[in-house]
Amino acid sequence: MHNLRFALRTLAKSPVVSVVAIFSLALGIGANTAIFSVFEQVLLRPLPVSAPSELVNISANGPRSGSNSTNNAGGGQSIFSYPMFRDLEKQQTVFTGMAAHRSFGANLAYQGQTANVDGMLVSGSYFPVLGVQPALGRLFGPNDDRTPGAHPLLVLDYSYWTEKFNRNPQILNQPILVNGTLMTVIGVSPEGFHGTTLGSFPQVYAPISMREELSPGWKGLDERRNYWAYLFARLKPGVSLKQAEAALQVQFMGIIREVDMPLQKGASERFKKEFLGQQLTLTPGEQGQSEMFRRASTPLILLLGITGFVLLIACANIANLLLARSANRAKEFSIRLSLGAQRGQVIAQLLTESFVLALLAGIAGLFVAYATQMGIASFFDGGLHAVVSAGIRPSTMAFALGVSILAGFLFGLFPAVHSAKQDLSSAMKDQAGNVSGSGAAARFRRTLVTAQIALSLLLLVSAGLFLQSLVNVMRVNIGIRTENVIAFGLSPQLNKYTPVRAKALFEQLEGKLAAIPGVQGATVSLVPLIAGSNYGSNVSVDGFQAGPDTDTHSMLNDVGPGFFRLMHIPLVAGREFTNSDGENAPKVAVVNESFVRKFGQGQSLVGKRMQVGAGQKNDIEIVGVAKDAKYSDVKDAIPPMFYLPYKQDKNLSYAMLYVATAVPTDQILPLVRKAVAELDPNLPVEDLKTLAVQVNQNIGLDRMISTLAAAFAVLATLLAAIGLYGVLAFTVSRRTREIGIRLAVGADTADIRKLVMKEVGWMVAIGIAIGLPAALMLARYTESLLYEMKSWDPIVMAVSVVLVVIVSLGAGYVPARKAMRIAPVTALRWE
């Protein structure tokens, strides 16, 4: 306690120095805490369920023929057919239970109000396997999911119940219309539980056996070649993950050989071999199932490393500051030691001062962390925006405390130990320079500054690469119009519209929207543009010979008349769709240039015929070729693609509408909802936004990485410059008498400038020699995140080196200029 009180008094005696130290250290601690908070929320936080470490996710690496449908819960290896789930559930012996789930879109209607929400189809074993308890009523059990279509039951998410129903317990046993099916509310999920897919927040849960009733037009619950369900399970006590995997593999392969293999008629020998050779895999499931883990892990690990380097640079600055300040306290330490104090006591006192400084910086760093989290969250779109929330949670505070203690130890240890090893006789004679001006201290300070230069160069190179990558992304010609375009989705079939009625609605809405003053036109697209959505199929094309293993896959989109004109996608041949391309008209298609290169082998395809899938007759005439345009993601290569008129789609259940305007979009946005409501007040508008916003969201991760990397690199470089300035300024002050003597015996100012700048040059040269190879190594690790560039970019490397040299020379010039102005008489009177 005595050391603590003395430390506070000591810091208060030099408030400017203390505030500067706390501020610079708070930036480093705050940056680390903010990135760790995001890292913990996305990659480390377990599900809020009973014993999450016992959960395992199930996947299989084999090929899947037939229909495949994935979402944010995982890729193609993570989906199974519903019959396969039921077979495994019955035969398995290594789990206390196995569960299945699948997200779905839900149009809700209750007491005259409608809403489009996210839903989750879950098996009756879902909640029991997770071990969660209801906040109200009850949750699903096995008896609520036995017979397909016979369990119109609903569980509300706790947050949705709170926001929309004000926690009214009377909601129990009330009917809610979900996608045209009357469902009865039986319970509310526990507070804080939002399903098992990170980034997806279901507002309602329904039995998975109700999928056909809740997905109008979809039939496939009993289809073994329809893959769409995600599976997880809970291990029995005493059963390891590997034991469970081996046992389940045997049962899985038995089902594959006896049931699924006979269904693969017409498959090639290669496909059959791979199908029979697939391996089932179990992985830890304590965090649920999500593609977000794969997408976010590398960027977050990288940012955590970058902020760690920033903190190291800040610690180096504080260490140099403490070494310099110890020179002014040399006499104090000497008196203490001469009066009987142990060196360990002096070290303990100085470390206490360091820890107090670090803890104060940690408290300030929490505010920096909160502000940084707010900025980070703004870069994310969709579900991840809700996952990454700004706030000071217990885990955040614990991390900030740990980082503060570690930082205090890092920057305080050497100055404390060195100060306790001084020459008592020299100090008592007021030769304080021996304390921090000794060879060991000087070498330590120069080493720290050199390391700072190396680290700042490493961060500048990383930031430069990401900024250049972002520039490349921003310069991509996505091939479609984004300015003054409004986008929104409608799911009329969820409200029990027939495909014929849905198409009639879209046609009416196209005309109604086009009639709004300031609107240039409206069109329809089945697949949302630049939104990460994909829809494709195998095709047959006249003149293209395909073998058993030939890749005949192409992406597709159903679009409306005038789509290419309104979206500024030029046609290089043929025509686009018109109102006459209806259901009873001859089937037509427009293909893109990539499609021509793949299936036309350089020859024009206009006038030739194609078909979707493998049939007996190519019955779709190709009437036009459109320029290549981005489809799913800005950074993805443009795939082969064909467009079909949505009016010829007999099963259209959902569509995006795009409204091109000649006036600012904010003037039209309110009128869009009004136009939809006038046609159907019970049909909710989904995800209304501008196409420009959608494109920005699509590259949100790139913008976040580039912005944060650049900000942290600039901060690191400034801290390194401050550190270099501090070391040189201190060195000049300690060498004042020497410089005066040099000037007195005939040295000119150029010699003095050279003396100081030579020291700068050596530190910069060594820092670059260390930092550049380290930057190249880090760049290779991050190459997968870069767009259309290699990790070794000579321009980025050269610019980064030049910036480090300029900043370092600038930091060194001020002390050099001060040294040049030292008067010899004043210098000879020094000390």
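Everything below is about the structure printed above this text.
Residues numbered from 1 in each chain as written. Predicted model: local features only at pLDDT ≥ 70, side-chain atom pairs only at ≥ 80, totals over all residues. Heavy atoms only, no water.

Draft legend 1. Broad picture of the packing of aromatic side chains. What the rule picks out here adds up to 23 aromatic pairs. On the basis of an interplanar angle of 50° and a centroid distance of 6.0 Å, the ring pair of F127 and F140 is categorised as tilted. Of this pair, F127 sits in helix α4 (residues 126–130) while F140 sits in the loop between β6 (136–137) and β7 (153–156), and the two are 13 residues apart along the sequence. Of the two residues, F127 and F140, neither departs from the other in class, the shared state being buried. The ring of W228 is capped by R211, whose NZ or CZ atom sits 4.5 Å from the centre of that ring. One cation-aromatic arrangement involves R501 over Y497; the distance from NZ or CZ to the ring centre is 3.8 Å. (Phe/Tyr/Trp six-rings, centres within 6.5 Å; stacked < 30°, edge-to-face > 60°. Helix = DSSP H or I, 4+ residues; strand = E, 2+ residues; numbered from the N terminus. Buried < 20%, exposed > 50% of the residue type's maximum accessible area, 1.4 Å probe, protein only. Lys NZ or Arg CZ within 6 Å of the ring centre and 35° of its normal.)

Draft legend 2. Representation of unusual backbone geometry in the model. Of note in the backbone geometry, N179 takes a positive phi value of approximately 50° without being a glycine. Residue I530 is not a glycine yet carries a positive backbone phi of 50°. Note that I530 resides in the loop between β14 (519–525) and β15 (536–541).

Draft legend 3. Focus on the pairing of strand β19 (residues 609–612). Looking at chain direction, β15 and β19 are connected through three bridges and run antiparallel. Along β19, the bridge assignment pairs V539 with V612. Across two bridges, β19 lies against strand β20 (residues 620–626) in antiparallel orientation. In the strand pairing of β20, R609 is matched with E621. (Pairing = 2+ DSSP bridges.)

Draft legend 4. Quick look at the side chain of K647. Within the secondary structure, K647 is located in the loop between β21 (641–645) and β22 (655–661). Of the residues examined, K647 reaches a relative accessible area of 9% and is grouped as buried. What K647 contacts, discounting residues up to four positions off in sequence, is K503, E507, P561, N579, D581, G582 and E583. (Contact = heavy atoms within 4.5 Å.)

Draft legend 5. Examining the pattern of salt bridges more closely. If you walk through the whole model with that rule in mind, you get 22 salt bridges. Note that D619 and K587 form a salt bridge whose closest N and O atoms lie 3.3 Å from each other. Within this pair, whereas D619 is found in the loop between β19 and β20, its partner K587 is found in the loop between β17 (571–574) and β18 (588–592), the two being separated by 32 residues in sequence. Among the residues examined, D619 registers a relative accessible area of 30% and is labelled partly exposed. If you follow the salt bridges from partner to partner, you end up with R86, E89 and D145 in one network. (Salt bridge = Lys/Arg side-chain N within 4 Å of Asp/Glu carboxyl O.)

Draft legend 6. Structural view of the environment of Q287. Residue position: Q287 is located in the loop between β12 (280–284) and α9 (292–328). Judged by its relative accessible area of 21%, Q287 is partly exposed. Sequence separation of Q287 and V42 is 245 residues, and the distance between their C-alpha atoms is 9.2 Å. For Q287, the contacting residues outside a window of four places in its chain are V42, L43, L44, R45, P46, L47 and F293. A distance of 2.3 Å separates a polar atom in the side chain of Q287 from the backbone oxygen of L43. (Polar contact = N/O pair within 3.5 Å; in protein donor to acceptor, adjacent residues only side chain to side chain.)

Draft legend 7. Highlighting helix α19 (residues 593–600). Where α19 is concerned, the buried positions are S594, F595, V596, F599 and G600. Where α19 is buried, its residues meet β15, β16 (553–559), β18, β19, β20 and β21. Q601 lies just past α19 and shows a positive phi near 50°.

Draft legend 8. Inspection of the nonpolar core at higher detail. If you look at the biggest cluster of nonpolar residues, it comprises 77 residues, and the most contacted ones within it are L25, V42 and F411. Elements that contribute at least two residues to this core include exactly α2 (15–44), α9, α11 (343–377), α13 (394–419), α16 (439–475), α22 (700–734), α24 (749–781) and α25 (794–820). What F411 contacts, discounting residues up to four positions off in sequence, is L25, C315, I318, A319, L322, S354, L357 and A358. One finds A73, Y160, V178 and F252 within the second-largest nonpolar core, a separate group that totals 59 residues. (Core = buried A, V, L, I, M, F, W, Y, C linked by side-chain atoms within 4.5 Å.)

Draft legend 9. View of the side chain of Q373. Structurally, Q373 is set in helix α11. The exposure class of Q373 is buried, given its relative accessible area of 1%. Among the polar contacts listed, one links the side chain of Q373 to the side chain of S37, at a separation of 3.1 Å.

Worth remembering: the numbers are spatial, not functional.
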